[in-house]
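Report on the structure
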Amino acid sequence: MKTYAGIPGENASLENSKVVLVTVPYDGTSTWGKGADKGPELFLDASENMELYDIETGTEPYLEGVFLAGEVAENSTPEAMTEAVYQKTKELLKTDKLFTLFGGEHSVSIGSIRALGEKYDNLTVLQLDAHTDLRPDFHGSTSNHACAVFEANQKHNLVQVGIRSMDAEENQYLPEGRVFFAHEIANNENWVNDVLEKVSGNVYITIDLDAFDPSIAPSTGTPEPGGLQWYPTLELLRKVFEKCNVVAFDIVELMDSPYSKPTAFLAAKLYYKMLAYYHINKD
């Protein structure tokens with residue numbers, strides 16, 4: 001039986017796991033770099049090559065259990081994929097375990113955020129991303145990757161971090177006072193605390209790997225210069241887990257390329273770090 005990160009079977013059953021992990025190998029609407037459908041496979045392979053002791057927290061998060069809950073393979077249309085992710089998420093939320101998802105392109109988050117929003121009141125969606133993803137529709141679909149958080153912004157408290165690329169039409173949809181542009185972060189030593197002031201209650205974290213600077217995460221669909229760095233991002237995430245009730249998170253846009261391994265390993269470590277932060281604040 002294949003398990004997350006190659007962990008022992010007793011730590012990988014649904015019964016013994018506090019975390020469920022769904023993969024969505026979808027790349028139906030990306031508009032430049034293709035290969036995000038290979039992201040989950042690359043992530044799982046990199047995860048098997050990590051050492052599973054987290055130095056910072058002094059913990060081994062895998063001991064709390066991670067259940068591989070299968071993949072959502074629906075790819076006939078963007079809308080059908082969104083509905084399939086939504087239904088899968090609703091099903092897994094009944095287990096009352098931490099829901100996690102690995103994409104695929106960013107459109108895979110639409111369905112899972114929709115399901116979490118139905119379960120939790122006053123949901124904050126914390127988006128780490130190079131792009132705003134706030135178009136109502138794009139190329140004839142409301143489930144395009146460029147629309148990844150439009151619905152979330154209409155229904156929930158959306159906080160955007162690391163933004164450095166957008167279309168002029170998206171200005172009208174920006175969540176007022178809750179967008180932290182990359183060029184402003186670069187000149188603000190207090191940016192982590194400023195973000196924390198906007199994040200509270202039940203939180204869904206969605207991380208597009210292009211939020212990171214391409215110097216450390218080059219293998220994404222649309223790498224943008226001037227992105228987030230590793231340790232400040234971990235500081236933000238650690239403090240969010242300390243302050244808030246994180247109910248789910250996803251990581252998306254890992255792209256297959258000849259240089260995918262560094263980004264895949266960053267994604268694997270990032271996921272594991274978030275598990276560590278989650279567990280130390282639940283115990």
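Our subject is the structure listed above.
Below is a summary of the structure that appears in this document. Treat the numbers as computed from the prediction; the structure is a model and nothing was measured. (Residues numbered from 1 in each chain as written. Predicted model: local features only at pLDDT ≥ 70, side-chain atom pairs only at ≥ 80, totals over all residues. Heavy atoms only, no water.)

Each pocket or cavity is described by its volume, and for the second largest pocket that value is around 220 Å³. Forming the walls of the second largest pocket are Glu 51, Tyr 53, Asp 54, Ile 55, Glu 56, Trp 230, Tyr 231, Leu 234, Arg 238, Lys 269, Tyr 272 and Lys 273. Put simply, the parts of the chain that give the lining of the second largest pocket at least two residues each are helix 7 (230–243) and helix 8 (260–282). With 4 residues, helix 7 is the largest single contributor of residues to the lining of the second largest pocket. (1 Å grid on protein atoms, 1.4 Å probe; cavity = no way out; pocket = protein on both sides within 12 Å on 5 of 7 lines; lining within 4 Å. Points joined across faces, edges and corners; volume = space filled by probe spheres on them. Helix = DSSP H or I, 4+ residues; strand = E, 2+ residues; numbered from the N terminus.)

On to the packing of aromatic side chains, then. The way to describe two aromatic rings as a pair is by their centre distance and the angle between their planes. Considering all chains together, one arrives at 8 aromatic pairs under this definition. Between Phe 43 and Phe 102, the aromatic rings sit 4.1 Å apart at their centres with planes inclined by 10 degrees, giving stacked as the arrangement. With Phe 43 in helix 1 (residues 39–47) and Phe 102 in strand 3 (residues 98–103), this pair connects stretches of sequence that are 59 residues apart. You can call Phe 43 buried: its relative accessible area is 0%. Both rings, one in Phe 212 and one in Trp 230, keep their centres 6.2 Å apart while their planes meet at 35 degrees; by these two values the pair is tilted. With Phe 212 in the loop between strand 7 (202–208) and helix 7 and Trp 230 in helix 7, this pair connects stretches of sequence that are 18 residues apart. By relative accessible area, Phe 212 is classed as buried at 2%. In this structure an aromatic cluster arises from ring pairing among Tyr 4, Phe 43, Phe 102, Phe 249 and Tyr 271. (Phe/Tyr/Trp six-rings, centres within 6.5 Å; stacked < 30°, edge-to-face > 60°. Buried < 20%, exposed > 50% of the residue type's maximum accessible area, 1.4 Å probe, protein only.)

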